[in-house]
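So you can see what is in the structure, the chains are spelled out below.
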Amino acid sequence: MIKQVTHESPILLLDDVLSELDSKRQAALIEIIDEDIQTFITTTDLDSVSKELQHKPTIYEVSNGNLVNKGVKNDPK
């Protein structure tokens, strides 16, 4: 609806939602996200995110109040 009104894709923020879902539900959620939507997903444990969903994400880590760019993860294995 936002895209229809503004003609711009919104930014989607998912704050630690994946840790509450099993891998099947994680995949279902990610599947419905439009590829045109810039999406930020926060997590306290990257290992809890299904490997299949980690398709070339840019990983950032917050440590001691500092944001550190960990780069693009190319291999989900």
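Residues numbered from 1 in each chain as written. Predicted model: local features only at pLDDT ≥ 70, side-chain atom pairs only at ≥ 80, totals over all residues. Heavy atoms only, no water.

*Asks:* Sorry if this is basic, but what is going on with the environment of F40 here?
*Replies:* By the secondary structure assignment, F40 is in strand β2 (residues 38-42). With 27 residues separating them along the chain, F40 and L13 place their C-alpha atoms 4.9 Å apart. Those residues in contact with F40 that lie beyond four places of it in its chain are I11, L12, L13 and L14. (Helix = DSSP H or I, 4+ residues; strand = E, 2+ residues; numbered from the N terminus. Contact = heavy atoms within 4.5 Å.)

*Asks:* What am I meant to see in the pattern of salt bridges here?
*Replies:* When charged atoms on two side chains of opposite charge get close, those side chains can pair. Inspection of the entire model under this criterion finds two salt bridges. Its salt-bridge partner being D22, residue R25 comes within 2.8 Å of it at the nearest N-O pair. Judged by its relative accessible area of 51%, R25 is exposed. Across the pair E61 and K70 runs a salt bridge whose closest N-O atoms are separated by 3.9 Å. (Salt bridge = Lys/Arg side-chain N within 4 Å of Asp/Glu carboxyl O. Buried < 20%, exposed > 50% of the residue type's maximum accessible area, 1.4 Å probe, protein only.)

*Asks:* I keep staring at unusual backbone geometry and nothing clicks. Help me out?
*Replies:* Although it is not a glycine, H7 adopts a positive phi angle of roughly 65 degrees. Summarising the element assignment, H7 is placed in the loop between α1 (2-6) and β1 (11-15). Overall, the relative accessible area of 68% leaves H7 in the exposed class. One non-glycine residue with positive phi stands out, namely D16, at about 55 degrees. Turning to its location among the elements, D16 is positioned in the loop between β1 and α2 (23-32). Judged by its relative accessible area of 24%, D16 is partly exposed.

*Asks:* Can you walk me through the side chain of Q26 in this structure?
*Replies:* Mapped onto the secondary structure, Q26 falls in helix α2. You can call Q26 buried: its relative accessible area is 1%. At a separation of 3.4 Å, a polar atom in the side chain of Q26 contacts the main-chain carbonyl oxygen of L21. (Polar contact = N/O pair within 3.5 Å; in protein donor to acceptor, adjacent residues only side chain to side chain.)

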